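Summary of the model geometry
Now for the letters of each chain:
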Amino acid sequence: MAKILIGSDHGGYNLKREIIEHLRMLDYAVEDFGCHSSEAYDYPLIAKALAQEVINSGNKGILICGTGVGVSIVANRFKGIRASHCTDTFTARMTRKHNDSNILCLGERITGVGLAKDIVDIWLNTEFEGGRHKTRIDMY
Ligand code: RB5
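Described below are features of the structure shown in this document.

Cut-offs used in this document
Residues numbered from 1 in each chain as written. Predicted model: local features only at pLDDT ≥ 70, side-chain atom pairs only at ≥ 80, totals over all residues. Heavy atoms only, no water. Near = heavy atom within 4 Å. Polar contact = N/O pair within 3.5 Å; in protein donor to acceptor, adjacent residues only side chain to side chain. Areas by Shrake-Rupley, 256 points an atom, 1.4 Å probe, with all protein chains shown as cover. Buried < 20%, exposed > 50% of the residue type's maximum accessible area, 1.4 Å probe, protein only. Helix = DSSP H or I, 4+ residues; strand = E, 2+ residues; numbered from the N terminus. Pairing = 2+ DSSP bridges. Right-handed = clockwise from strand over helix to strand, strands pointing away. Core = buried A, V, L, I, M, F, W, Y, C linked by side-chain atoms within 4.5 Å. Contact = heavy atoms within 4.5 Å. Axes fitted to C-alpha atoms, helices over the stretch in contact; angles between N-to-C directions. Salt bridge = Lys/Arg side-chain N within 4 Å of Asp/Glu carboxyl O.

As for the site of the ligand
The environment of the ligand is formed by D9, H10, Y43, C65, G66, T67, G70 and R109. D9 places a polar side-chain atom, nitrogen or oxygen, 2.6 Å from an oxygen atom of the ligand. In this structure, G66 approaches the ligand through a main-chain N or O atom, which is 2.8 Å from an oxygen atom. When the ligand sits alone it has 300 Å² of accessible area, and the protein chains cover 71% of it.

Here is the structure:
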């Protein structure tokens with residue numbers, strides 16, 4: 001059973017709950033890095049912990065905040081992390097094919113639950129194409 005790491009701040013807490021339920025229905029094991037309520041919580045703390053564990057474990061991660069931007073900025077500071085802020089399914093597909101994205105970032109205040117689930121499904125089910133795209137990834 002594939003394991004997905006997931007985390008949010010308060011701005012992404014409700015969407016995170018929906019995505020966790022969705023992932024469990026699809027039989028993924030889910031590790032929740034918090035936060036665990038809609039009380040204000042600083043997104044860098046969650047994003048740093050999850051990014052580190054994506055590097056250590058090789059599992060994919062999903063980070064959610066209000067816009068998806070804060071968590072993506074933090075996660076992308078870690079070498080080996082390729083965090084993609086997605087608000088549409090085309091980007092979700094292409095960022096797996098061409099960027100080998102290992103963290104998906106979503107914004108609860110931007111993207112509705114239905115679209116967010118589609119983005120997650122496509123992102124999880126699209127393979128990296130490798131080849132010239134691997135050469136490019138190896139440049140950074
Ligand atoms: C929290 O209000 C908000 O700033 C945060 O969730 C996120 O959108 C930051 O980028």
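Side note on the pairing of strand β1 (residues 3–8)
Of all 6 residues making up β1, 5 are buried, and the element is well covered by its neighbours. In the sheet, β1 pairs with strand β2 (residues 29–32) via 4 bridges, with the strands oriented parallel. Counted as the bridge partner of L5 is E31 from β2. Note on the crossover from β1 through helix α1 (residues 13–25) to β2: the handedness is right-handed.

Focus on the nonpolar core
The nonpolar side chains of a soluble globular protein tend to be buried with one another. In this structure, I6, I19, L23, I62, L104, L106 and V120 are the most contacted members of the largest nonpolar core, which totals 20 residues. Elements with a contribution of two residues or more to this core: β1, α1, β3 (60–65), β5 (103–107) and α5 (113–125). For this core, the element with the most residues is α5, which contributes 6 residues. Leave out the neighbours within four places in its chain, and I6 touches K16, I19, I20, L23, V30, E31, D32, F33, G34, L50, I62 and I64. Listed in part, the 15 residues of the second largest apolar core include I46, A51, V54 and V71.

Some points on the sheet that holds β2
Strands sit in the order β2-β1-β3-β5-β4 across an open sheet of 5 strands; the sheet is parallel. Among the strands making up the open sheet, the edge pair consists of β2 and β4 (83–85). On average, each strand axis in the sheet is tilted by 25° relative to the strand beside it, whichever way the strands run.

Notes on the pattern of salt bridges
Applying the stated rule across the entire model yields 5 salt bridges. D32 is the partner of K16 in a salt bridge, and the nearest nitrogen-oxygen pair spans 2.9 Å. Placement of the pair is K16 in helix α1 and D32 in strand β2, with a sequence separation of 16 residues. Looking at K16, the relative accessible area reads 0%, which means it is buried.

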